[in-house]
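# Geometric and topological summary
What follows is each chain in one-letter form.
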Amino acid sequence: MLRPVVISSQDGAYFLFGGEKMKEQLISISAAAKTAVEACENEAQIEEVRVKYLGKKGELTAILKQMGGLSPEERPIMGQLVNQAKQELEALITDKKEILKQAARDEKLKAETIDITMPAKELKVGKLHPLNTVLDDMINIFQSMGFDVVDGPEVETDYYNFECLNVPADHPARDMQDTFYLADNILLRTQTSAAQIRTMENLKPPIRVICPGRVFRADEVDATHSPVFHQIEGLVVDKGVTMCDLKGVLEQFAHEIYGKDTKVKFRPSFFPFTEPSVEVDVTCSECAGKGCRVCKGSGWIEILGAGMVHPNVLRSCGIDPEEYSGFAFGIGLDRLTTTRYKISDIRLLFENDKRFLDQF
Ligand code: DAH
């Protein structure tokens, strides 16, 4: 038989039977909820706690559903107690949320603090590679003489690199240039002269172009040889172009790049795509022609090959050699750069060592 147990609630109410059990439950749920709120470390956790106790299916809400089992006298008292517990918990959660929010804000501000007394970060400004500096100068010089800049592919066909330049297969001149072949008839261009042909195929005279770019040869690597190097090809085709024009242009170029006291010497030479052909030397910029280590005592430095475009080359590009004539030249960019900056080893130009590049 059930004996009415009478206990006093906080506000002096009395409970009998079921009411007492509910009250105990209420007290233990409230205590557990308070502990859970205190343990929360962030807003997500506190929201979880809120749902667990105060949500639609929360534990405190569930208690109200047991009210049906209470006597009519107990119900309002218990209802009031549950509501009171809910309100207390809500207030606790609101306070805790505020505390956590404040803590998160403090943490963020602390992390974002800027120490304005710290030295500023060094600003790293990029620089041009010495090859590009010299190339830009050369382009400016030739543009001032009315030349346009054209481009050509680094992977070329045998036809453009040799055949059409009057160097048929088995021609001994092919041995002058050790070639990297990628496939039958496909190669890495050994000279920018290949661009002459493409230009003459695409443009009608008068033609006045330079074509700077990388070229490739299977040379042994040493202080003066690299399998990759750079040339600037020049081509002029028009009516009445003579060797004098070639001399004038190259002298002007040498004076601009090395200074107006520089002397220019044309030596007879041979290239299959020019007739006559010359190699051009300039007085050594290091010793002004007296002879030194750079020019190996000769006083001269060879800078380019040139000549009058061979009639066969003009013809194979559809230009009538009876009507038009032209000159061409191929300047090595790397030698020009190493002598200008007194760089003792050509390999330094290709190694991308920052300590080396930072000096320019
Ligand atoms: N292509 C030649 C070489 O790589 C240089 C050269 C010589 C270019 C004479 C020319 C030229 O255009 O006319 O050695």
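You'll find the structure just up there.
Our subject in this report is the structure included herewith.

Definitions and limits used
- Residues numbered from 1 in each chain as written.
- Predicted model: local features only at pLDDT ≥ 70, side-chain atom pairs only at ≥ 80, totals over all residues.
- Heavy atoms only, no water.
- Helix = DSSP H or I, 4+ residues; strand = E, 2+ residues; numbered from the N terminus.
- Buried < 20%, exposed > 50% of the residue type's maximum accessible area, 1.4 Å probe, protein only.
- Contact = heavy atoms within 4.5 Å.
- Phe/Tyr/Trp six-rings, centres within 6.5 Å; stacked < 30°, edge-to-face > 60°.
- Polar contact = N/O pair within 3.5 Å; in protein donor to acceptor, adjacent residues only side chain to side chain.
- Pairing = 2+ DSSP bridges.
- Axes fitted to C-alpha atoms, helices over the stretch in contact; angles between N-to-C directions.
- Salt bridge = Lys/Arg side-chain N within 4 Å of Asp/Glu carboxyl O.
- Near = heavy atom within 4 Å.
- Nonpolar A, V, L, I, M, F, W, Y, C, P; charged D, E, K, R; others polar.

## Quick look at the overall build of the protein
Counting its secondary structure elements, the protein contains eleven helices and twelve strands. Once the C-alpha set of the protein is aligned to its principal axes, its extents read approximately 130 × 50 × 35 Å. Across the 360 residues of the protein, 42% fall into the buried class. Within the protein, residue pairs in contact and separated by at least 24 positions form 65% of the contacts whose partners lie at least 6 positions apart.

## Structural notes on the packing of aromatic side chains
Counted under the stated rule, the structure contains nine aromatic pairs. Their ring planes at 25° and their centres at 5.9 Å tell us that Phe-271 and Phe-273 sit as a pair that is stacked. Of the residues examined, Phe-271 reaches a relative accessible area of 17% and is grouped as buried. Seen from their ring centres, Phe-327 and Phe-329 are 6.4 Å apart, and the 25° between their planes marks the pair as stacked. Its relative accessible area of 1% is what places Phe-327 among the buried residues.

## Overview of the environment of Ser-277
Mapped onto the elements, Ser-277 comes out in strand S10 (residues 274-283). Residue Ser-277 is classed as buried on the basis of its relative accessible area of 5%. Residues Ser-277 and Gly-126 lie 151 residues apart in sequence; the distance between their C-alpha atoms is 41 Å. With residues near it in sequence (within four places) discarded, Ser-277 still touches Arg-267, Pro-268, Ser-269, Phe-270, Phe-271, Ala-306 and Gly-307. Among the polar contacts made by the side chain of Ser-277, one reaches the side chain of Thr-274 at a distance of 2.7 Å.

## Examining the sheet that holds strand S6 (residues 186-188)
Strands sit in the order S4-S6-S5 across an open sheet of three strands; the sheet is antiparallel. Both outer strands of the open sheet, strand S4 (155-157) and strand S5 (181-183), are each paired with one neighbouring strand and no more. With strand direction ignored, the average angle separating the axes of adjacent strands in the sheet is 35°. As paired elements, S5 and S6 share two bridges and run antiparallel to each other. The residue of S6 that forms the bridge with Tyr-181 is Leu-187.

## Structural notes on the pattern of salt bridges
Any two side chains of opposite charge can pair, on the condition that their charged atoms come close. This structure, assessed with the given rule, holds 16 salt bridges. In this structure, Lys-108 engages Glu-112 in a salt bridge whose closest nitrogen and oxygen atoms are separated by 3.8 Å. Residue class for Lys-108 comes out exposed when judged on its relative accessible area of 54%. Ionic contacts of the salt-bridge type, sharing partners, join the residues Arg-267, Glu-279, Asp-281 and Glu-302 into one network.

## Side note on the site of the ligand
Inspection of the region around the ligand gives 16 residues, with Gln-191, Gln-196, Arg-217, Gln-231 and Glu-233 positioned closest. In the environment of the ligand, a nitrogen atom lies 2.7 Å from a nitrogen or oxygen atom belonging to the side chain of Gln-191. A distance of 3.2 Å is found between an oxygen atom of the ligand and a backbone nitrogen or oxygen belonging to Ala-328. At the level of secondary structure, the elements contributing two or more residues to the shell around the ligand comprise strand S8 (228-238), strand S11 (300-309) and strand S12 (325-332). Residue composition of the shell around the ligand, grouped by class: five nonpolar, nine polar and two charged.

## Re the sheet that holds S11
The strand order across the open sheet formed by seven strands is S3-S7-S8-S12-S11-S10-S9, and the pairing between neighbours is mixed. Only two strands of the sheet have a single neighbouring strand rather than two, namely strand S3 (148-149) and strand S9 (264-271). Here S11 runs beside S12; their pairing, made up of five bridges, is antiparallel. Paired with Gly-307 across the bridge in S12 is Ala-328. Packed on one face of the sheet, helix H5 (residues 130-144) meets S3, strand S7 (207-216), S8 and S12 and runs near 165° to S7.

## Considering unusual backbone geometry
Omega for the peptide link from Pro-205 to Pro-206 comes to 5°, which places this bond in the cis form. Turning to its location among the elements, Pro-206 is positioned in the loop between helix H7 (194-202) and S7. For the peptide bond that leads from Glu-275 to Pro-276, omega is -5°, which places it in the cis range. Mapped onto the fold, Pro-276 is located in strand S10. For Ala-288, which is not a glycine, the phi torsion comes out positive at approximately 55°. Residue position: Ala-288 is located in the loop between S10 and S11. Take Ala-288: its relative accessible area is 60%, and that puts it in the exposed class. In this structure, Lys-342 is a non-glycine residue whose phi angle is positive, near 55°.

## Some remarks on the pairing of S9
Relative to S10, S9 runs antiparallel, the two sharing seven bridges. Counterpart to Phe-266 in the pairing with S10 is Val-280. The loop that links S9 with its antiparallel partner S10 comprises two residues.

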